[in-house]
Amino acid sequence: MEKQKNLATLCVQAGWEPKNGEPRIVPIYQSTTFKYDNTEEMADLFDLKKEGYFYTRLQNPTNDAVARKIAALEGGVGAMLTSSGQAANFYAMFNICEAGDHFVAAAEIYGGTYNLFAVTMKKLGIECTFVNQDASEDEISKAFRPNTKALFGETVTNPGCRVLDIEKFARIAHSHGVPLIVDNTFPTPINCRPFEWGADIVTHSTTKYMDGHASQVGGCIVDSGNFDWETCTHKGEPSTVNCQLSTNKFPGLTTPDDSYHGLTYTKAFGKMAYMTKLTAQLMRDLGSIPSPHNAFLLNLGLETLHLRMPRHCENAQRVAEFLQNDDRVAWVHYSGLPDDPHHALAQKYLPNGSCGVIAFGLKGDRQTAIRFMDSLKMIAIVTHVADARTCVLHPASHTHRQLSDEQLREAGIAPDLIRLSVGIEDVEDILADIRQALP
């Protein structure tokens, strides 16, 4: 049996194994369609009887090679690229939820995701209840209903930088017979692999560290293959919820799909049921596919992910320590600091570092934060995070401005919160710019 390759090797080589005379680098298949010699071959593809390519909206060889690399990094059975991280989170949830269903999510998540879950999906008849991720298991369990289909959280929250207790969330989800979906964007699989702690599905905004250079927008969904959709159990573990086939808790996966001549995904595809439905049904109908060129750029970023993440964490640790010791700074949230409320969880789930993102506040008011950011010279104010260049944002004024004050508080967004994404420049230059801008 071949030894499982280490993460650094997977970053460079996973997903594409060229045959004799083929390109060493994954090529860009910049084509909408793929040619076949007869109608039967094409018909078999449309009936999901054979694997292959016929239209890039559903699948493309470049995209699939990069998805395979991310699946290998996370330790999943399969993955699918999407056109954005938002699309990934929507698809991951919509693949198992339909009108009349419900799911539970941590309140401290990215503002765009919060709005997607609280507003847009509600218009589709899918309701979400938000919970405090640090609450007790009993308290979080009170949010579950008979029609609850999933539990969602972020490994490291954006922008609050709080660490999710993945094992606790997994226990809660599985005790109710539903999967745990974790957005692992900030740590990436270099610093955390949620499947190893009980998560069932992982999502990413590949726009962030995976690309690493702010050159393309994308997302990814990875399935562990560990959740049994028919029995509603994780790796066969017992559930307190009775989920026999007759209840059809996940009918989209366990009952016939009329759009494919009555095919049942769990029967036809086993551990790949969730991923096959994502591609054959949701991507077919909604079409949030990334361009092959974007996938190619993402792959270039992935090849250095294992080198960049340690530098991001090293620089962020230095900056967090500087901010913590400066009298002009009111507070700092970075799990690498020993007195951070989530330091113990970080030591458990993120022993090699979390990411390069720091949340902090200055003594003063909202205007104090704005003056500081406007005084920065090298560090740029951009609606982005987690790439090679250090950047800064004021969430209450920018990414989370669509939320009410009450929703901001629920999401852990204080009016003075500054999100600093520490890049991979020389840390002394980063610190010098911060020093000169502090009021």
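Please refer to the structure higher up on the page.
Because the structure is predicted, anything quoted here is derived from the model rather than measured.

A.B. asks: Any details on the side chain of His204? Residues and values, ideally.
C.D. replies: By secondary structure assignment, the location of His204 is in strand 6 (residues 201–205). With a relative accessible area of 1%, His204 lands in the buried category. A distance of 3.4 Å separates a polar side-chain atom of His204 from the backbone oxygen of Asn184.

A.B. asks: Explain the packing of aromatic side chains to me, and be specific about the residues and the numbers.
C.D. replies: On inspection of all chains with the given rule, the structure shows 13 aromatic pairs. Plain terms: the ring middles of Phe90 and Phe94 are 5.0 Å apart, the flat faces sit at 15 degrees to each other, and that makes the pair stacked. Of this pair, Phe90 and Phe94 both sit in helix 4 (residues 85–94), 4 residues apart, roughly one helical turn. Under the relative-accessibility criterion, Phe94 is labelled partly exposed at 25%. Aromatic pair Tyr114 and Phe130: ring centres 4.1 Å apart, planes at 10 degrees, arrangement stacked.

A.B. asks: So what's going on with the sheet that holds strand 13 (residues 391–393)? Which residues, and what values?
C.D. replies: The sheet built from 5 strands is open, its strands ordered 10-11-14-13-12 with mixed pairing. Edge positions in the open sheet fall to strand 10 (329–333) and strand 12 (380–381), since each of these has one partner strand only.

A.B. asks: Account for the sheet that holds strand 1 (residues 78–82), naming residues and giving values.
C.D. replies: Hydrogen bonding along the main chain pairs the strands of a sheet, whether they run parallel or antiparallel. Read from one edge of the open sheet, 7 strands run 1-7-6-5-4-2-3, paired in mixed fashion. If you trace the sheet from one side to the other, it starts and ends with strand 1 and strand 3 (127–131), each paired once. Averaged over neighbouring strand pairs, the angle between their axes works out to 20 degrees when direction is ignored. Strand direction decides the pairing type here: strand 1 and strand 7 (residues 219–223), joined by 5 bridges, are antiparallel. What sits directly across from Ala79, in strand 7, is Val222. Where helix 11 (residues 273–286) meets the sheet, its contacts fall on strand 1, strand 6 and strand 7, and the angle it forms with strand 1 comes to roughly 30 degrees.

A.B. asks: Run through the layout of surface pockets, naming residues and quoting values.
C.D. replies: Here the largest pocket defines a volume of roughly 940 Å³. Considering the residues around the largest pocket, the lining is formed by 37 residues, among which Glu51, Gln59, Asp64, Met272 and Thr279 are closest to the centre. Secondary structure elements with two or more residues in the lining of the largest pocket: helix 2 (39–46), helix 3 (61–74), strand 1 and helix 11. Counting residues per element, the lining of the largest pocket draws most heavily on helix 3, which supplies 6 residues. Residue composition of the lining of the largest pocket, grouped by class: 21 nonpolar, 10 polar and 6 charged.

A.B. asks: Go over the pairing of strand 5 (residues 180–183) with me, naming the residues and quoting the values.
C.D. replies: Alternating positions in strand 5 separate into two faces, Leu180 and Val182 on one and Ile181 and Asp183 on the other, with burial throughout. Here strand 4 (residues 148–154) runs beside strand 5; their pairing, made up of 4 bridges, is parallel. The partner of Phe152 across the bridge, within strand 5, is Ile181. Once you follow strand 4 into helix 7 (residues 166–175) and on to strand 5, the crossover reads as right-handed.

A.B. asks: Break down the nonpolar core for me, citing the residues and quoting the values.
C.D. replies: In this structure, Met93, Ile96, Phe103, Phe117, Leu180, Ile221 and Tyr274 are the most contacted members of the largest nonpolar core, which totals 91 residues. Element by element, the count of residues in this core is highest for helix 11, at 7 residues. Judged by nonpolar contacts, the second largest core, of 28 residues, contains Phe360, Leu420, Val427 and Leu431.

A.B. asks: A description of the environment of Phe296 should follow, citing residues and the corresponding values.
C.D. replies: Take Phe296: it is sitting in helix 12 (residues 292–302). Remark: the alpha-carbon pair of Phe296 and Ile25, spanning 271 residues in sequence, is separated by 9.4 Å.

A.B. asks: Describe the side chain of Gln281, listing the residues and the values that go with them.
C.D. replies: When you line up the elements, Gln281 lands in helix 11. In this structure the side chain of Gln281 is engaged in a polar contact, spanning 3.0 Å, whose partner is the side chain of Asp257. Residues within four places of Gln281 in sequence aside, it is in contact with Asp257, Tyr265 and Thr276.

What counts as what
- Residues numbered from 1 in each chain as written.
- Predicted model: local features only at pLDDT ≥ 70, side-chain atom pairs only at ≥ 80, totals over all residues.
- Heavy atoms only, no water.
- Helix = DSSP H or I, 4+ residues; strand = E, 2+ residues; numbered from the N terminus.
- Buried < 20%, exposed > 50% of the residue type's maximum accessible area, 1.4 Å probe, protein only.
- Polar contact = N/O pair within 3.5 Å; in protein donor to acceptor, adjacent residues only side chain to side chain.
- Phe/Tyr/Trp six-rings, centres within 6.5 Å; stacked < 30°, edge-to-face > 60°.
- Pairing = 2+ DSSP bridges.
- Axes fitted to C-alpha atoms, helices over the stretch in contact; angles between N-to-C directions.
- Contact = heavy atoms within 4.5 Å.
- 1 Å grid on protein atoms, 1.4 Å probe; cavity = no way out; pocket = protein on both sides within 12 Å on 5 of 7 lines; lining within 4 Å.
- Points joined across faces, edges and corners; volume = space filled by probe spheres on them.
- Nonpolar A, V, L, I, M, F, W, Y, C, P; charged D, E, K, R; others polar.
- Right-handed = clockwise from strand over helix to strand, strands pointing away.
- Core = buried A, V, L, I, M, F, W, Y, C linked by side-chain atoms within 4.5 Å.

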